[in-house]
Structure formats: structure tokens, C-alpha cells
Amino acid sequence: MTGLRKTPLNDAIRRLGARLVDFAGWEMPVQFQSVIEEHLAVRARAGLFDVSHMGEIEITGTEALALLQHLTPNDVASLAPGQAQYSALLTPQATFVDDVLIYRLEPERFLLCVNSSNTAKDFSYVRASAARLRADVADVSDAYAQLALQGPLAGAILARVTGAEVGAIRSYHFVEAEVAGARAILSRTGYTGEDGFEIYLPPGRAETVWNVLLEAGKGEGIAPCGLGARDTLRLEARLPLYGNDIDETVTPLEAGLGFMVKFAKGEFLGSAILREQHERGVTKRLIGFEMTGRGIARHGYPLRVEGRESGSVTSGSYAPFLKKNIGLGYAPAGSARIGQRIEVVIRDAAVPGIIVKTPFYKRRA
Amino acid sequence: MSEKRQGYPSDRKYTREHEWVRLEGGVGIIGITEYAQSELGDVVFVDLPEKGRALAAGEELGTIESVKAVSEIYAPVSGEVVEVNEALRDHPEKVNGDPYGDGWLVKVRVGDRPEVDGLLSSEAYRSHVEEGE
């Protein structure tokens, strides 16, 4: 694998014997020991992920808020400094340029965390939209490494290596604090369905913090985790993956992400289309299903609902915690009922499944 | 690595696609190699042929799925399937745990002995794997 970008943790990860793959041009660990063991470690204890490939875009200026209010469907004005929000960059057709996390660092300073494969596209899009506004847009991806510490014991482990009052950080809030001597943003967010933290820090300090966290969690059985477990964890929690479940062909309402659409804030990109979908109803909707027959649904396999091909599986896998084969895909809105039978075409055979309530997995509060 | 899971037992023959076959009289026992299972990762589903099916050498015999990937398995030799490892239906992870033993896939009545002779020896297979890495 030559010509691939490497995160600051590449050496540390190699030393742990990770299996490396090309992920959107980055050399990333898919697994260290076993996807299933890493998945279960996060559900029961804690796991540590290198997600430094994610992109970061900083937006500053007196009209930074106005810019984000225009580009995203959620109400950015409701964020106080120290709060984060799951949202999207939308096209004029109300479809996804990307899904993003928005951090309000200061009243006029925001940080967007974006998908690695979309960083360049998102940056151009936001910058072009800012052209006539008093807002500066910078791709600051190289200024940040990012770790995700996830699992029920994540807070206890993190508390040992920082002076910050970890327990006081509420969900979708963050603080700026020192972690193992590095200045970092500690954000109570994640992509696994568990409690946990995303830690943004200077690339030069990433390896130290990575090692310190693994050492601090040793007694609890913390596991270094790869992208394999990240994908199965997020699927069980029904967190969408850009490029699979959401893209420039679907809207937040079709993807079941209506919670991020705040009509009350006023007009924004695609708001007229979303309002019409909201009033008339969507024609297709992202459904979650369980396989009842033998076989694993995979991305791209044809999906049949009420005997008719309704598109394809957007995400599908064996779910290690639930020990079931599960998946997501789009179905005609009229058929998207819990209990509705479906079929997935697996190697020319139609294998039965059933639409179920999502998230497939929900942690106990 | 335990003796049982050693990479290249010499009592069987191998394909370049990482299947093995071991002859017991007129029956060939077929599985995938230690190297193949380690490349696949956690095996979560094994799809095998029905008993009685006639397989030609090189024909797709079934599929093995790990959490992340689907892999086709090819018959190393021709023959009729006389037994299928039913234990893999509920315990596909046996393929990871014991690929040369309990993780076998099918047994076939071997039609053509010389076919077996054309497969790789354990030494030749070892070179194949090590050159590929």
C-alpha cells in the first residue's frame, strides 16, 4: 500500500499488529485482533479508535452562524459555546453533501467534523457559500488528530488522564482541557451507540495520548479497535454511513433523520423541499431489517419489498452483540412498516427478512 | 501457534486459492487453510452444498463469510459430496479455531486420483503464501 495517507498513529497501530487497509486513501486499521472481540469490548467495557482521518473545517466571523444556518437543517443558533450538534450539509435539493458534527467553540467560531472522503468537497462547498459573507472558512484537518474512546467505562478511564471534570460533560457537550499533557477538545459524542468521547488533539501528541489511554484502561480490558468494529457498532445503533445509507440522492426525512430538521429556524438550503416532504409524506424511507432466513445482507444486494425490487441494501452485516444478521435499505414509504416481510437477493437466492424497529441496539440509560 | 494450527501440515494438498484436501481412502476431506482463515477474520456464516452434489475441480463449492467479507470456496478436486460439516451451521467460528480439523467443510468421494497429485505440496503452498505477502 503505497501512496496512502497515514495518520500520526500509524506507527503505534502497526506495532499493535493491526491489519491495515486502504480506506478512502488512508492507511487505516480494519482490525487488531478480531472485529467481534473489539465490538464486544466497546459494548461491555471500552474501545479506543484512531479516527484521525476525519476532516475538520473551521468557520469564523460575524456571519459564521448565518452561513451554517443556511447550509444545515438543524438550528445552530441553539448551540451555546461548549455544545455540539449532529447535522448535515445539504444541497439545494435537500440531499446530503455530508453528515457533520458542528462544534460551537466560541460565539463566532465553529468547528465542523466531516467524513474523510468528503473533506475536500465539503470545504469547497462551504467556502463557495461563504463568498459574500463575513465568514472565513479553513480546512484545519492537518491540525487535528482524533481519537474515539467509547464504551460504558470510557468516562472512568478518561477521568484518570485529565484534570477536566469528565463526569460533568453532558452528552453532546465538550470542554477544552489537557489530556496526558496535550491540549485537547473532549467531546461526549461518538459513533458506536455507547457513552464515550471524541478527543481532538494536536497530531504531535496523538501517540502519547493513545498510549496513555490504553495503559489507563488496561485493568478494564480496553481494546484498540479498527474500522471493522466501528462499522458494525454504528450499524447496530442505526447511525448512518455516508456513501452507503445517505448521499446526494436522499434527504434527512427519507433517511429517518427528521430530528435534525428544524423548520422553526426559518429558511435554509432545501427547506422548501423538506417542508413539502414533511407535509405530503416521503415516498421512500430508510428501513431496518433482520434476516429471518440464512444469509448475510451486504451493501448493494437487491432488496425486495412486497415482491417488488425496491432498491438495494445500503448497509448489512452480522451484528456481533445481537448475534443476528441485520441491515438497512430504502423501501417505499407505504411498505415501511414494522413486521413487513422483505427479501434480500443473496447470490441469486431470495432470502427472507423482516422490517424491525431501529435502532437495533440501544444502550440502557 | 499450536501444532494443530500449524500453517502447512504435510499430510494434505493445497490449492493456490487456499483450500486444502486430505485423502482418507477414496474420500477427500476439504477445508480452507490457516492462512485463509486468518485473512478472512471472524467467520460468521458458512454456506455449503447439499449432500449428493457432484462437484468438478475448480467449481464453486460454497461461500464463507466473515464479519467484513464474502469469499467463494472452490473444490480442489472433483467428486460427489458425501458429507457436509453440519456443525458449522451453528458454529461457523470453528473454521477460525481449527481450520485443519473441526473446521473442515465437506467430504467428497474422489473421482480422479491424479487430480490430487496435481495440487500443491505443503512446501509449495508455503512458498506460494510467503511469496504473496
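Keep in mind that this is a model prediction, so the values were computed, not measured.

Draft legend 1. Broad picture of the overall build of chain A. Of regular secondary structure, chain A possesses eight helices and 19 strands. Against the compact-globule benchmark of 21 Å for 365 residues, chain A has a radius of gyration of 20 Å, which places it among compact chains. Restricting the contact set of chain A to residue pairs at least 6 apart, pairs at least 24 apart contribute 66%. When the accessible surface of chain A is totalled, it reaches about 14800 Å², and 50% of it is carbon and sulfur. Taken as two groups, the 41 positive and 41 negative side-chain charges of chain A have centres that lie 6 Å from each other.

Draft legend 2. Seen up close, the nonpolar core. Grouped together as the largest cluster of nonpolar side chains are 54 residues, with contacts concentrated most on Phe 96, Tyr 103 and Ile 246 of chain A. Counting residues in each nonpolar core, the second largest holds 33 residues, with Leu 20, Ile 157, Val 161 and Ile 199 of chain A among its members.

Draft legend 3. A look at the side chain of His 173 of chain A. Relative to the helices and strands, His 173 of chain A resides in the loop between helix 5 (154–159) and strand 10 (174–179). Separated by 2.9 Å, the side chain of His 173 of chain A and the backbone oxygen of Ser 171 of chain A make a polar contact.

Draft legend 4. Region of interest: the confidence of the model for chain B. Residue and element names in this part refer to chain B. Confidence in the prediction of chain B, expressed as mean pLDDT, is 92, and 94% of residues score 70 or more. Element-level pLDDT for chain B is lowest in helix 4 (residues 113–117), with a mean of 80, against a maximum mean of 97 in strand 4 (residues 43–47). The ipTM, which scores confidence in the relative placement of chains, is 0.87 for this predicted complex, and the corresponding pTM is 0.95.

Draft legend 5. Region of interest: the pattern of salt bridges. Applying the stated rule across the entire model yields 26 salt bridges over all chains. Residues Glu 207 of chain A and Arg 15 of chain A are paired through a salt bridge, measuring 2.5 Å at the closest nitrogen-oxygen approach. Of this pair, Glu 207 of chain A sits in helix 6 (residues 206–216) while Arg 15 of chain A sits in helix 1 (residues 10–15); the two residues are 192 residues apart in sequence, bridging distant segments of the chain. The class of Glu 207 of chain A is partly exposed, set by a relative accessible area of 25%. Because the salt bridges share partners, they merge into one network encompassing Asp 231, Arg 234 and Asp 245 of chain A together with Lys 68 of chain B.

Draft legend 6. How the structure looks around the packing of aromatic side chains. Here the structure, examined in full by the defined rule, presents nine aromatic pairs over all chains. Residues Tyr 14 of chain B and Tyr 125 of chain B carry aromatic rings whose centres are separated by 4.7 Å and whose planes lie at 5° to one another, so their mutual orientation is stacked. Residue Tyr 14 of chain B is found in strand 1 (residues 13–14), and its partner Tyr 125 of chain B is found in helix 5 (residues 122–132); the two are separated by 111 residues along the sequence. We classify Tyr 14 of chain B as buried; its relative accessible area is 0%. On the accessibility criterion, Tyr 125 of chain B (0% relative accessible area) is buried. Feature note: the residues Tyr 103, Tyr 144, Phe 174 and Tyr 200 of chain A constitute an aromatic cluster, connected by ring pairs. A cation over a ring is seen here: Arg 12 of chain B above Trp 20 of chain B, with NZ or CZ 4.4 Å from the ring centre. The ring of Trp 104 of chain B carries the charged tip of Lys 107 of chain B above its face, separated from the ring centre by 4.9 Å.

Draft legend 7. Layout of the pairing of strand 14 (residues 284–291) of chain A. Inspection of the sheet shows strand 14 of chain A paired to strand 17 (residues 324–332) of chain A by seven bridges, in the antiparallel sense. Residue Ile 287 of chain A lies in a different strand from strand 17 of chain A, and its bridge partner there is Gly 329 of chain A.

Draft legend 8. Seen up close, the interface of chain A and chain B. Opposite the 16 residues of chain A that make contact, chain B presents 17 residues. Roughly 1400 Å² is buried in total at the junction of chain A and chain B, and carbon and sulfur atoms are behind 47% of that figure. Counting the surface chain A buries against chain B, the share from its top three residues, Arg 294, Arg 298 and Arg 347 of chain A, is 44%. At the boundary of chain A and chain B, one finds three salt bridges. Linking Arg 347 of chain A and Glu 65 of chain B is a salt bridge whose minimum nitrogen-to-oxygen distance equals 3.1 Å. Summed over the shared surface of chain A and chain B, the number is 13 residue pairs in polar contact (both at pLDDT 80 or more). Of all elements in the fold, only helix 2 (35–44), helix 7 (227–236) and strand 16 (308–319) of chain A reach the threshold of two or more residues within the side of chain A that touches chain B. Residue composition of the side of chain A that touches chain B, grouped by class: five nonpolar, six polar and five charged.

Draft legend 9. Molecular detail of the state of the cysteines. Residue and element names in this part refer to chain A. Tallying each qualifying case throughout the model produces zero disulfides over all chains. Take Cys 113: it sits in no disulfide, and the sulfur closest to it among the cysteines is that of Cys 225, at 18 Å. Residue Cys 113 is classed as buried on the basis of its relative accessible area, which comes to 6%. Taking relative accessible area as the criterion, Cys 225 reaches 1% and is therefore assigned buried.

Draft legend 10. Local environment of the sheet that holds strand 9 (residues 145–150) of chain A. All names here are of chain A. With mixed pairing, the six strands of this open sheet are ordered in space as 10-11-12-9-3-13. In the strand order of this sheet, the two ends are held by strand 10 and strand 13 (223–225), each with one partner. The average angle at which neighbouring strand axes cross in this sheet is 25°, direction not considered. Here four bridges tie strand 3 (residues 47–50) to strand 9, and the two strands are oriented antiparallel to one another. Directly across from Gly 47, in strand 9, lies its bridge partner Gln 150. Strands strand 3, strand 9 and strand 13 of the sheet are contacted by helix 2, whose axis makes an angle of about 120° with strand 13.

Rules and cut-offs
Along every chain, residues carry numbers that run from 1 in the direction the sequence is written. The order in which chains are written sets their letters, starting at A; the order in which ligands are written sets their numbers, starting at 1. Note on the predicted model: pLDDT of at least 70 is required for a residue's local features to be given, and 80 or more for side-chain atom pairs to be given and counted; whole-chain, interface and lining totals, by contrast, use all residues. By convention in this description, side-chain values take in all heavy atoms of the structure and omit both hydrogens and water. Counting from the N terminus, the helices are DSSP H or I runs at least four residues long and the strands are E runs at least two residues long. Note on method: radius of gyration uses C-alpha positions; expected globular size equals 2.2 Å times residues raised to 0.38. Contacts: residue pairs with any heavy atoms within 4.5 Å of one another. Accessible surface area values rest on a Shrake-Rupley calculation with a 1.4 Å probe, where residue burial reflects the displayed protein chains alone. Think of it this way: Lys and Arg go in the positive column, Asp and Glu in the negative one, and His and the chain ends go nowhere. Here the site of a charge means NZ on Lys, CZ on Arg, CG on Asp, or CD on Glu. Put simply, buried Ala, Val, Leu, Ile, Met, Phe, Trp, Tyr and Cys residues joined by side-chain atoms within 4.5 Å make one nonpolar core. Buried means the residue's accessible area, taken with a 1.4 Å probe over protein chains only, is under 20% of the maximum for its type, while exposed means over 50%, and partly exposed covers the values in between. Within 3.5 Å is the distance limit for a polar contact, defined as a pair of N or O atoms, with the added protein rule that one can donate a hydrogen and the other accept it, and that residues adjacent in sequence qualify only through two side-chain atoms. Across the chain, each position has a pLDDT score giving the predictor's confidence in that residue, from 0 to 100. Salt bridge, as used here, is a side-chain nitrogen of Lys or Arg placed within 4 Å of a carboxyl oxygen of Asp or Glu. Here a pair means two rings of Phe, Tyr or Trp (six-membered ring of Trp) with centres within 6.5 Å. Their orientation is stacked below 30 degrees between planes, edge-to-face above 60, and tilted elsewhere. When the NZ atom of lysine or the CZ atom of arginine is within 6 Å of a ring's centre and also within 35 degrees of its normal, the charge is said to sit over that ring. By the convention used here, strands pair only if DSSP detects at least 2 bridges between them. Buried area is understood as the total, over both parts, of accessible area removed when two parts are fitted together, assessed with a 1.4 Å probe. All amino acids are sorted into three groups, where Ala, Val, Leu, Ile, Met, Phe, Trp, Tyr, Cys and Pro are nonpolar, Asp, Glu, Lys and Arg are charged, and the leftover types, Gly among them, are polar. Throughout, disulfides are identified as pairs of cysteine sulfur atoms within 2.5 Å of each other. Convention adopted: a line fitted to C-alpha atoms gives each axis, helices being fitted over their contacting stretch, and angles between N-to-C directions are expressed from 0 to 180 degrees.

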